[in-house]
Structures are given as C-alpha cells and as structure tokens.
Amino acid sequence: KPKPTSPSKSTSWVSPNWLTSLTKSLTIGSNDDSRIPISSAQLEDVSELLGGALFLPLFKWMNEYGPIYRLAAGPRNFVVVSDPAIAKHVLRNYGKYAKGLVSEVSEFLFGSGLAIAEGSLWTVRRRAVVPSLHKKYLSVMVDRVFCKCAERLVQKLQPFAFDGTAVNMEEKFSQLTLDVIGLSVFNYNFDSLTSDSPVIDAVYTALKEAELRSTDILPYWKIRALCKVIPRQIKAEQAVTVIRRTVEELIIKCKEIVEREGERIDEEEYVNDADPSILRFLLASREEVSSMQLRDDLLSMLVAGHETTGSVLTWTLYLLSKDSSTLLKAREEVDRVLKGRPPAYEDIKDLKFLTRCITESLRLYPHPPVLIRRAQVDDILPGNYKVKAGQDIMISVYNIHHSSQVWERAEEFVPERFDLESPVPNETNTDYRFIPFSGGPRKCVGDQFALLEAIVALAIFLQRLNFELVPDQDISMTTGATIHTTNGMYMKLSERRSKFDISSPTSSK
Ligand code: HEM
C-alpha cells in the first residue's frame, strides 16, 4: 500500500540556522514540575516558527523529549502534551483549564461568543445552542443545504472538467463550506461559489487576522491605540464591523418575523419549514439573550464550522488522490449505496467506508492541530507532573494522532484501521487517542454536522467527477486554525460517467 501522507514538510518555518540555534537541552529545573523536560528555542526562532507550521517541530520535539515537555519560547512558556491520558485529564477538567490564549487572540472577532466564553456565561450559552443542532435539523440540512451546495459545486466545476484547467480544490471547498455554514446558521446565502462580496472578503480577512494573532509573539494588538494606526489592524477592525453588521441585520429581520408570527418552539426537534436555520430556532426558543450575545454565538459557529470542514474535504481528497485502491473502494460503496442519486440522511449510516476515510483524514490532519488551555489552579497531571496556575498548555492533537506509541502504522492512510461495524470513532471509544473534535465539556458542538456535511460533499464529488493531483506540485502544510496548504491544492478534473445515469430523471430522487 502506498504511503500517501507525504506533503512537503519543508515550509517557511525552516530557517537555515533554526536547528543549530535551538538549545536541545533536556534540562531538569528546580521548579515543582522539574520532571518535565525543557526544550528551549530562541525568541526570534520561535517567532518565525509561530508564523508557520508550529505543529511540525512540536512533533519532532515529541520524538526527542517524550510525550510531555516544556517549550520555553521567549516570554511565553508552554507545556506541550502528546499523551492521550494527559489530554483526557486536561480536556475533561474544564473547571481547572480555561481557553486562555485562544480567547485573547480571537476576542476581537468572537466577542463573548460561545467558542471563547468562560464560566457561567459559557454554561448558559452552550445549553441554549446545543439543542438547535438536533437530529431533525441535521436531516433537513442534508437534503436542503448540504446536497444542494455540493451539487452546485459540481456544476461550477463542470467547465473545468471539460477544458482540463487545473482547479485549486482547497479554495473551492472553502467556498462550499462558507455557503453551507451561512445557510445553516443564519439562512444567509454568501453564494461565494459564484460571487465575491464585501462580506466574504471580510470573513476571510477576519479569519486570517485570528490566525495571525494566534502566532504573533508580541500581542501588540492588545493596545487599542495601535489598532487604530496599524494597517493590518485597521483592516481587521473594518472586516469585523462588516460581518457584525450583516449578522445584526439578519437577527433584526428574523426577530421581526418571529414576533409577527408569534412563533414559539412547541416540540423538542423543532424546525421552521420556511427557515430551518439555527438563528430561527434560537429566536423561536425565546431564550433570554441579548442581540449582541446572539450575534457573537452565531459568529462562533460561522468561524468554527467553516474553514475546519473545508480543510477536511481538501485533505481527504488529497489522500484519496494518492491511494487508488482506497478511492476505488470508497467509490464502489457510494455507487452501491446511492445508485446514482444524491445522499439522504438515512443513507449516511451505510456510507461506512467513506466515513472511515474522513475520520482517518481527520486523524492525519486534525483541525486545529493543537488545542490550547491555561491552568486556572495548581494541578497534578497523570504521570504525577505538576503544573502551576497560569501555565499555558498545548495539547498537540497532531502528535497524539501521529505517535507510533499510540497508533500502529501511524503515518499511513489506513481507513480500515477503524472497524466498519463498530461505532464511528470518537474521543470516548478510543480513550482520547482520537480527538479531532476535542473532548470533555468544550467538545465541538458541530461534530455530527461537520461529518454529515463532509460525507455528503465527498459522496457527490466521487459520484460525478474524476480527479487527479497536478503532478510535481509542492503541497506544503501551514497552519492557523486549521492545517492548510501554502500554495493551494490543484487537481485536474474530468466528468465521471458511472453506470448510473445521474442526469436521467428516473434515477434521481
Ligand atoms: C469547538 C473541531 C466543525 C462549532 C471545536 C473544537 C474542535 C473543533 C477541536 C474544540 C476546540 C477546543 O477545545 O479548544 C472541529 C472540526 C470541524 C468542526 C475538526 C470540522 C470537521 C464545526 C461546525 C460547527 C462547529 C460545523 C458549527 C455548526 C463549534 C463550536 C465550538 C467548537 C461552537 C466551541 C464549543 C465550546 O467551546 O463550547 N470544534 N469543528 N464546529 N466547534 Fe467545531
């Protein structure tokens, strides 16, 4: 079996003197947690590292220092965790570990939204939002949003399939998932597959800024006055204003309709037929919430659910393009189960192998590759490692997923490693060896949504198009909130004629 997980790892983070200037000391300090080995890098090296794919050196250091080590990075200092039991402890003890740095870098965009809220505000908002993602809502999304948007993507790709122009599939999947999340969360059609709009530009600018802030070593953007004069910050503030205004307008309009119709939720799995969005559900639930909080929660979903799912699609297609026997198997399943028609909600459980291809892709390319927490109290980690209150912790999901101590043939793409007849893998049934959606109280609220969306999009893509990676392309990885490529992922497409004539009205649903 080929080893397809080989995008170039020589990204911008490798400076000529980087390796030599890194002090590879296994220092034992005199502090409480002296058993944690220290890897120290010089400030300028780390700042360069943080601007690129930090998860790659973190992996290298895991192999050098073991599953827990301290990264002393200039003024910042992280305990890097690559062990499932320690990750489980940190993620499940939410009261002891807050989001810390993540909140600091993305507050300009999320405000007090669910993704970064803490304490009782988070508890209340999580309890309000989770019920909106119920089973009936998901099934309506499959039919009315996921399938429709994926069909439109294929339609948009058809001219490229005819004339053989290479297509940057990373960009296309990003547009697809933005359209999906806009419709599903606030019934707003970004229509980014077709057009450019100020809102789309603003969304990308703000996402990029959050990415950059997470890797800026000096958080100068904390100084309000500087944000008013530095061009990058002015642009980011303007972008956030455009996005917020758009969402606020959507909330006002939706509120008017809900008030006019005197709408109330009268059953647990409530879906409004004309507008099945999460916004409509939240307004009809008559929860006591300010418009500003609602806006911030919806923005959390938009941001958390967009680039993540786009990246899963990109890397799964990449892995399939490098492994013809797995692709054949996945396609055979899609044809057998769907017989040329678009997938319905009930079909998803039968697309078992395709689902395992996606989970295996999430193992090799987790988004984000690193989770960040800050200890709120002194604590003792499994293995008897002590951490002090205020300690920043990086849980390297990438390391856990790639560790040969945790997984056999860890670097290979083997969807079969996840038994087809067992439940879909998650943090619980793998005991935190597989944590692409995190775990514990702050686990992703959109995990089922995202898996369904990815399965539907890939099934339709495999039904309708052949694809091959443009040869000799340097596919390098870099990160922000997700693992993405540095230069795009170009594929050549051609129309697929399967034994099912999908254009025939008798064979479609
Ligand atoms: C949180 C991954 C899709 C909404 C998270 C976290 C991860 C994650 C790892 C936890 C972060 C942490 O612990 O610091 C993913 C991946 C996705 C995906 C890999 C796609 C494959 C979505 C979608 C939505 C969503 C589609 C919305 C519909 C959220 C929200 C949170 C979250 C609101 C914050 C939850 C909280 O803090 O209580 N996601 N996500 N995600 N995700 Fe997702």
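Shown above is the structure to which this text applies.
Thresholds, definitions, all that
- Residues numbered from 1 in each chain as written.
- Predicted model: local features only at pLDDT ≥ 70, side-chain atom pairs only at ≥ 80, totals over all residues.
- Heavy atoms only, no water.
- Helix = DSSP H or I, 4+ residues; strand = E, 2+ residues; numbered from the N terminus.
- Buried < 20%, exposed > 50% of the residue type's maximum accessible area, 1.4 Å probe, protein only.
- Areas by Shrake-Rupley, 256 points an atom, 1.4 Å probe, with all protein chains shown as cover.
- Axes fitted to C-alpha atoms, helices over the stretch in contact; angles between N-to-C directions.
- Left-handed = near helix turned anticlockwise from the far one by under 90°.
- Contact = heavy atoms within 4.5 Å.
- Nonpolar A, V, L, I, M, F, W, Y, C, P; charged D, E, K, R; others polar.
- Pairing = 2+ DSSP bridges.
- 1 Å grid on protein atoms, 1.4 Å probe; cavity = no way out; pocket = protein on both sides within 12 Å on 5 of 7 lines; lining within 4 Å.
- Points joined across faces, edges and corners; volume = space filled by probe spheres on them.
- Donors = N, O, S within 2.8 Å, 3.2 Å for Na, K, Ca; no water.
- Near = heavy atom within 4 Å.
- Polar contact = N/O pair within 3.5 Å; in protein donor to acceptor, adjacent residues only side chain to side chain.
- Patch = residues over 30% accessible without salt bridge, like charges linked within 9 Å, V, L, I, M, F, W, Y side chains within 5 Å.
- Salt bridge = Lys/Arg side-chain N within 4 Å of Asp/Glu carboxyl O.
- Lys, Arg positive; Asp, Glu negative; His and termini not counted.
- Charge placed at Lys NZ, Arg CZ, Asp CG, Glu CD.
- Phe/Tyr/Trp six-rings, centres within 6.5 Å; stacked < 30°, edge-to-face > 60°.
- Lys NZ or Arg CZ within 6 Å of the ring centre and 35° of its normal.

Colleague: What is the right way to read the overall build of the chain from this model?
Modeller: On a plain count of helices and strands, the chain comes out with 17 helices and 14 strands. By residue count, 58% of the 509 residues in the chain fall in the buried class. Total accessible area on the chain stands at roughly 21300 Å², and carbon and sulfur atoms take up 54% of it.

Colleague: How should the packing of helix α15 (residues 352-364) against helix α17 (residues 447-464) be read in this particular structure?
Modeller: Helices that pack against each other are described as a pair by the angle of their axes relative to one another and the distance between those axes. As a packed pair, α15 and α17 sit with axes 10 Å apart at the nearest point and diverge in direction by 115°. As α15 runs across α17, the sense of the crossing is right-handed. For the pair formed by α15 and α17, the contact residues are L354, T355, I358 and L362 on the first element and L451, A454, I455, L458, A459 and L462 on the second. Across the contact of α15 with α17, the residue classes break down as 9 nonpolar, 1 polar and no charged.

Colleague: So what exactly am I meant to see when it comes to the pairing of strand β10 (residues 392-396) here?
Modeller: When a strand is regular, its side chains alternate between the sheet's two faces. The buried fraction of β10 amounts to 5 of the 5 residues, a majority that puts the element mostly inside the structure. Sheet analysis places strand β4 (residues 76-81) next to β10, joined by 4 bridges and oriented parallel. Bridging across to β10, V79 finds its partner in I393. The pairing of strand β7 (residues 370-375) with β10 spans 5 bridges and is classified as antiparallel.

Colleague: Can you walk me through empty space enclosed by the protein in this structure?
Modeller: Evaluation of the coordinates by the stated rule reveals 4 cavities of 30 Å³ or more. Space inside the largest cavity adds up to approximately 50 Å³. When residues of the lining of the largest cavity are assigned to their parent elements, the largest contribution, 3 residues, is made by helix α12 (residues 278-284). Class assignment of the residues belonging to the lining of the largest cavity gives a composition of 6 nonpolar, 4 polar and 2 charged.

Colleague: For this particular structure, what's the right way to read the coordination of the iron atom of the ligand?
Modeller: Around a metal, the perfect tetrahedron of four donors has angles of 109.5 degrees, and the perfect octahedron of six donors has angles of 90 or 180 degrees. With respect to protein ligation, the iron atom of the ligand binds only C444 (SG), at 2.3 Å. Of note, C444 is situated in the loop between α16 (397-402) and α17.

Colleague: Honestly, the site of the ligand in this entry has me stumped. Any pointers?
Modeller: The environment of the ligand is made up of 25 residues, and the closest members are W122, R126, R373, R442 and C444. Between the ligand and the protein, one listed contact pairs an oxygen atom with a side-chain N or O atom of K99 at 3.1 Å. Interatomic distance of 3.1 Å between a side-chain N/O atom of S438 and an oxygen atom of the ligand. At the level of elements, α6 (119-129), α13 (291-321), β7 and α17 are the ones that each hand at least two residues to the shell around the ligand. Of the residues forming the shell around the ligand, the biggest block, 5 residues, is contributed by α13. Its residues assigned to classes, the shell around the ligand shows 15 nonpolar, 6 polar and 4 charged.

Colleague: Just checking my understanding: could you explain a negative patch on the surface for this structure?
Modeller: A cluster of acidic side chains, namely D266, E267, E268 and E269, defines a negative patch on the protein surface. With respect to the element layout, D266 can be found in the loop between α11 (231-261) and α12. You can call D266 exposed: its relative accessible area is 65%.

Colleague: How do you make sense of the pattern of salt bridges when you look at a structure like this?
Modeller: Should their charged atoms come close, side chains of opposite charge can pair. Scanning the model with the defined rule gives 29 salt bridges in all. With its nearest N and O atoms 2.5 Å apart, the salt bridge here joins E248 to R295. Remark: R295 occurs in helix α13 and E248 occurs in helix α11; sequence separation between them is 47 residues. A salt bridge links E261 to R280; the shortest N-O distance between them is 3.2 Å. You can see E261 sitting in helix α11 and its partner R280 sitting in helix α12, a full 19 residues away along the chain. What makes R280 buried here is its relative accessible area of 4%. Because the salt bridges share partners, they merge into one network encompassing E261, E263, D275 and R280.

Colleague: Could you clarify how one ought to interpret the side chain of D296 in this entry?
Modeller: Mapping D296 onto the fold places it in helix α13. According to the relative accessible area criterion, D296 is buried, its value standing at 2%. For D296, the side chain forms a polar contact with the main-chain nitrogen of S112, separated by 3.0 Å. When residues no more than four places from it in sequence are discounted, the contact partners of D296 are F110, G111, S112, G113 and R244.

Colleague: Is there a simple way to explain the sheet that holds strand β14 (residues 490-495) in this structure?
Modeller: Strand order in this open sheet of 3 strands is β6-β14-β11, and the pairing throughout is antiparallel. The open sheet terminates on both sides in strands that have one partner only, identified here as β6 (167-168) and β11 (465-469). Direction of pairing for β11 relative to β14: antiparallel, over a ladder of 5 bridges. In the sheet register, L469 faces β14, and the bridge partner there is M491. With respect to the sheet, α13 is in contact with β11 and β14, its orientation differing from that of β11 by roughly 80°.

Colleague: Help me out: how do you make sense of unusual backbone geometry in this one?
Modeller: Residues H367 and P368 are joined by a peptide bond in cis, for which omega reads -5°. When you line up the elements, P368 lands in the loop between α15 and β7. The phi torsion at K339 lies on the positive side, around 50°, for a residue other than glycine. Of note, K339 is situated in the loop between α14 (324-338) and α15. Even without a glycine there, the phi angle at R409 is positive, about 45°. Locating R409 in the fold gives a position in the loop between α16 and α17.

Colleague: Would you take a moment to explain the packing of aromatic side chains for this structure?
Modeller: How two aromatic rings sit relative to each other is given by the distance of their centres and the angle of their planes. Overall, the coordinates contain 13 aromatic pairs when judged by the stated rule. With centroids separated by 5.7 Å and ring planes inclined at 50°, the aromatic side chains of Y65 and Y69 adopt a geometry described as tilted. According to the relative accessible area criterion, Y65 is buried, its value standing at 8%. Here the aromatic rings of W315 and Y365 are separated by 4.2 Å at their centres, their planes lie at 10°, and the arrangement is stacked. Linking W315 in helix α13 with Y365 in the loop between α15 and β7, this pair joins segments that are 50 residues apart in sequence. The residues W315 and Y365 share a single accessibility class, namely buried. Lying across the ring of W407, R363 places its NZ or CZ 5.4 Å from the centre. The aromatic ring of W407 is capped on one face by R433, whose charged end is 4.3 Å from the ring centroid.

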